[in-house]
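Here's the letter readout for the chains.
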Amino acid sequence: MTENASAAEPLAADSAIAVVGMSGRFPGAPDLDTYWRNLLGGLCSVTDFTEEELIADGADPREVRGRDYIPAKGHLADADRFDAELFGFNRTEAAALDPQHRLLLETAWSALEDAGRNPLGGSARTGVYVGGGSTEHMLAAQTDPKLAASIGALQVRILTDREFLAPWVSYRLGLEGPSLTVQTACSTSLTAVHLAVQSLLLGECDTALAGGVAVDTVHKRGYVHHQGGIFSPDGRCRPFDERAGGTVPGNGVGVVVLRRLSDALADNDPVRAVIRGSAVTNDGATKVGFTAPGVDQQTAAIVEAWAAGGLDPADAQYLEAHGTATALGDRIEAAAATAAFKGALGTGRIGIGSVKSNIGHLDAAAGVAALIKSVLMLEHATLVPNADAGRPHPELGFDDSPFHLIERAASWPEPELGPRRAGVSSVGIGGTNVHVALEQAPPRDGAGAPDGPEVLLLSARTREDLDALAGRLAAALRAPDTPSLADAAYTLRVGRAPMAVRGYVRAGDRAEAAELLAGLGSGGAVSPGGPDPLGEAWLAGESVPPADGGRRTALPSYPFAGTGHGAYRLFPVAPGGEQPEQEGRSADLEQDIRALLAEALGLTDADDPEMTYFAAGGDSLTAVHLVGCLRDDFDLDVPITLFLEQLTLHEMARQIIAVRDGDDCLDALLAEFEAE
């Protein structure tokens, strides 16, 4: 296929995948607007910690003061914050839940909202494809005997192990499509995207969430540099640069929402970019060692991804590379890419870069961070530079290759033949190579309905959240590229989860709507003409009629306002391996049982006479744990069915005491779980 022919290849909507929503949190960027500003400015968001900061946050003083310790990382601020109540977790569960799970749940919610879809809409054909890294919290929690005694060892594993990342998202958001936790080391999140693409093309789901998360620890940490190792000696990652010395670890999370392009266009979804093709390969044994990359299969992944879309790699104008800035990794990646993009050989017209220069290496989330960066560049028609970009390393041979290293932000003109296109690569230790061929979104039909009287319906879990949401929406409607008022009203009705605390405004244009929204939190008027019947019905908790007119559009997502839930740390074992002494039980058996129930359910006050087990957040797994504790601590053999009854906690405690001769219910239930 010639370059001109492939560049003119028409978009095949039935074989392409639309990116309709995105959300992410990255070092220096709590949202994607900030992420884009940082990328556009060529900002390095790696944090340099002081010795005092590190030691105050629990780092080992001897290690921190070591000669080879590098006090730098792509740190994710507020990584332990979580809006637990919004997702149905009590305090005990939220504290045990791994920070990766917390962040992924909130990011999946925001990504669906960005796509104009209700995150609690219960879409039966929505798949989830995500992955994560190993964490200090997981290791510490799973080896903490006190936590296991408090909520049960199985519950600890379910709340902390990364294999449950996808199922928790599916469960809490009510998504009944395929749910896969993916693991291919550094290429995890882009592999997840590839699997989601394949699932959509096979018809296994109609919408898919894909991405990854990496939070090895929420605490401030640097790393130890070893001569000849993969880590940078100065805390900076400079991919393909003559000063490149290695990578820098980082934390982050990113999720994209994908749909078949034909469906997205038919439903008038907000298409942000198009995936024309993707591919995954593995180096097998054709490399010098298990951790080393290989040229041939990296090349194959690129060629196969573009061929899947009926295109040639030479049709690209940009390559977002894996780019670890290691001597071996950059050299092999440059050789593989040069072989794949040989149709543009010697032209130097394809820009190349890596987001690792900005935020460090996000491990399992690295690929989705790179993908989101590339989508933003396509949207803004702008190529962004490597942070602190210098001259290319002479050993990479860029002078006689298709590539030039992006040194400063520049406009990205549309090619003469075909749209803007970019490739995104990710490489995992162990040899799993992934490549995605991206294309700019097709023009959206129409300009949206003109401004006219519209009712904007808002809801949140708390009054504070509603005020914050109204402020965000007001700012969005004042922005230069703001959506039409009709599109905003439509999206708020079909693309948000109805909650208990509600508000509305009725306005004739975007400026008026922004002014009314800004005043909503201070009790201002909801509309110049007085109360609106639709809005008043909304305030009364009624269901509003289906929205008519307007299109889904990107609007500010929910302002999660959860508190910090901390994270478990790895501590040395006590001298001699002593275990903490068990606290004695008082003579008041009923009070002790109430205390056990409160501890397992995360209650600070279990004396509410009307609170039931399920209202307090109880479930079947917690019931299994409680049955075991009652047997071990009180010699009470309680049937599991007792916890399925609608009893208040007081009634439950009294009935537990009354039980003396129950069946061997715990062993039977565990045997049933094992059989399943």
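Undergrad: Any chance you could explain the environment of threonine 324 here in plain terms?
TA: When you line up the elements, threonine 324 lands in the loop between strand E12 (318–320) and helix H14 (327–340). Looking at threonine 324, the relative accessible area reads 13%, which means it is buried. When the C-alpha positions of threonine 324 and valine 427 are compared, they lie 9.5 Å apart, and in sequence the two are 103 residues distant. Here threonine 324 is in contact with Cys237, Gly246, Thr247, Gly329, Asp330, Lys356 and His361, once residues within four sequence places are set aside. Within the structure, the side chain of threonine 324 is placed 2.9 Å from the side chain of threonine 326, a separation counted as a polar contact.

Undergrad: Quick question: what am I supposed to make of the pairing of strand E18 (residues 432–440) here?
TA: Successive side chains on a regular strand alternate, one facing one side of the sheet and the next facing the other. Taking burial as the measure, the nine residues of E18 include nine buried ones, the bulk of the element. Side chains Thr432, Val434, Val436, Leu438 and Gln440 of E18 all project onto a buried face; the interleaved residues Asn433, His435, Ala437 and Glu439 project onto the opposite face, where all are buried too. In the sheet, strand E11 (residues 273–282) pairs with E18 via nine bridges, with the strands oriented antiparallel. Along E18, the bridge assignment pairs valine 280 with valine 434. Sheet topology note: the strand E17 (residues 421–427)/E18 ladder contains seven bridges and is antiparallel. By the bridge assignment for E18, valine 427 is matched with asparagine 433. Counted along the chain from E17 to the antiparallel partner E18, the turn is four residues long, and its residue glycine 430 has a positive phi close to 105°.

Undergrad: Sorry, what's going on with the side chain of arginine 102 here?
TA: Here arginine 102 is to be found in helix H6 (residues 99–114). We note that arginine 102 is buried and unpaired, the nearest opposite charge coming from aspartate 80 at a distance of 5.6 Å. Within the structure, the side chain of arginine 102 is placed 2.9 Å from the backbone oxygen of glycine 566, a separation counted as a polar contact. Setting aside residues no more than four positions away along its own chain, arginine 102 makes contact with Asp80, Phe82, Ala94, Ala95, Leu97, His137, His565 and Gly566.

Undergrad: Help me out: how do you make sense of the nonpolar core in this one?
TA: In a soluble, globular protein the nonpolar side chains are often hidden away together inside. In this structure, Phe89 and Leu456 are the most contacted members of the largest nonpolar core, which totals 74 residues. Element by element, the count of residues in this core is highest for H6, at seven residues. Beyond its immediate stretch of four places on either side in the chain, leucine 456 contacts Leu473, Leu477, Leu485, Ala488, Ala489, Leu492, Gly503, Tyr504, Val505, Ala513 and Leu517. Grouped together as the second largest cluster of nonpolar side chains are 49 residues, Val182, Ile359, Ala365 and Val436 included.

Undergrad: Would you take a moment to explain the sheet that holds strand E15 (residues 403–405) for this structure?
TA: Backbone-to-backbone hydrogen bonds join strands into a sheet, with any given pair of strands oriented parallel or antiparallel. Reading across from one edge, E7-E6-E8-E10-E1-E11-E18-E17-E12-E13-E15 is the order of the 11 strands in this open sheet, with mixed pairing throughout. Because the sheet does not close on itself, it has two edges, and the strands there are strand E7 (179–181) and E15. When strand polarity is set aside, the average angle formed by the axes of neighbouring strands in this sheet is 25°. Two strands pair when backbone bridges link them, and strand E13 (residues 350–353) and E15 are joined in this way by three bridges, in the parallel orientation. Of the residues in E15, the one forming a bridge with isoleucine 350 is phenylalanine 403.

Undergrad: I keep staring at the packing of aromatic side chains and nothing clicks. Help me out?
TA: The geometry of an aromatic ring pair comes down to the distance between the two centres and the angle between the two planes. As enumerated under the stated definition, the model contains 17 aromatic pairs in all. Summarising the aromatic geometry, the rings of phenylalanine 82 and phenylalanine 89 are spaced 5.9 Å apart at their centres and angled 55° between planes, so their arrangement reads as tilted. Neither residue differs from the other here; phenylalanine 82 and phenylalanine 89 are each classed as buried. Here the aromatic residues Phe82, Phe87, Phe89, Trp109, Trp168, Tyr171, Tyr558 and Phe560 are joined through ring pairs into a cluster of three or more. Above the face of the phenylalanine 89 ring, arginine 172 is positioned so that its terminal group lies 4.1 Å from the ring centre. The ring of tryptophan 538 has arginine 502 sitting right over it, with the charged end atom 4.0 Å from the ring centre.

Undergrad: Just to check I follow, could you spell out the packing of helix H21 (residues 589–601) against helix H23 (residues 649–658) for this structure?
TA: Look at H21 against H23: their axes get within 9 Å of each other, and the N-to-C directions meet at 125°. The orientation of H21 with respect to H23, classified from their angle, is oblique. Crossing geometry of H21 relative to H23 is assigned as right-handed. Residue-level inspection shows Leu589, Glu590, Ile593, Arg594, Leu597 and Leu601 of H21 in contact with H23, the latter providing Leu649, His650, Met652, Ala653, Arg654, Ile656 and Ile657. Per-class residue counts for the contact of H21 with H23 are nine nonpolar, one polar and three charged.

About the thresholds
- What you see as residue numbers is a count from 1 along each chain, following the sequence as written.
- In view of the model being predicted, local features appear only for residues whose pLDDT reaches at least 70, and side-chain atom pairs are presented and counted only at 80 or more, with totals across whole chains, interfaces and linings using the full set of residues.
- Side-chain descriptors were evaluated using all non-hydrogen atoms of the structure, hydrogens and water having been removed beforehand.
- We count a stretch as a helix when DSSP gives it H or I for four or more residues in a row; a strand needs E for two or more, and each element gets its number in order from the N terminus.
- Under the scheme applied here, a residue whose accessible area is under 20% of the maximum for its type counts as buried, over 50% as exposed, and between as partly exposed, the area being computed with a 1.4 Å probe on protein chains only.
- Here a residue-residue contact requires only that any non-hydrogen atoms of the pair lie within 4.5 Å.
- Polar contacts here mean pairs of N or O atoms no more than 3.5 Å apart (in protein, one a potential hydrogen donor and the other a potential acceptor; neighbouring residues in sequence count only if both atoms are side-chain atoms).
- Pairs of strands are assigned from DSSP output, requiring at least two bridges between the strands.
- In this tally, Lys and Arg are treated as positive and Asp and Glu as negative; His is ignored, and so are the chain termini.
- Throughout this description, the term salt bridge denotes a Lys or Arg side-chain nitrogen within 4 Å of a carboxyl oxygen of Asp or Glu.
- Among buried residues, those of type Ala, Val, Leu, Ile, Met, Phe, Trp, Tyr and Cys that are joined through side-chain atoms within 4.5 Å constitute a nonpolar core.
- To get an axis, a line is fitted to the C-alpha atoms, and for a helix only the part in contact is used. The angle between two axes follows their N-to-C directions and goes from 0 to 180 degrees.
- Only Phe, Tyr and Trp rings are paired, with Trp represented by its six-membered ring, and only when their centres lie within 6.5 Å; those with planes under 30 degrees apart are stacked, over 60 edge-to-face, the remainder tilted.
- Over a ring means this: the NZ of a Lys or the CZ of an Arg is within 6 Å of the ring centre and within 35 degrees of the ring normal.
- Roughly parallel means an angle under 35 degrees; roughly antiparallel means over 145; roughly perpendicular covers 65 to 115; every other angle is labelled oblique.
- Here a crossing is called left-handed whenever its near helix is offset anticlockwise from the far helix by less than a right angle, and right-handed whenever the offset is clockwise.
- Residues were grouped as follows: Ala, Val, Leu, Ile, Met, Phe, Trp, Tyr, Cys and Pro as nonpolar; Asp, Glu, Lys and Arg as charged; and all remaining residues, including Gly, as polar.

By themselves these figures say nothing about function.
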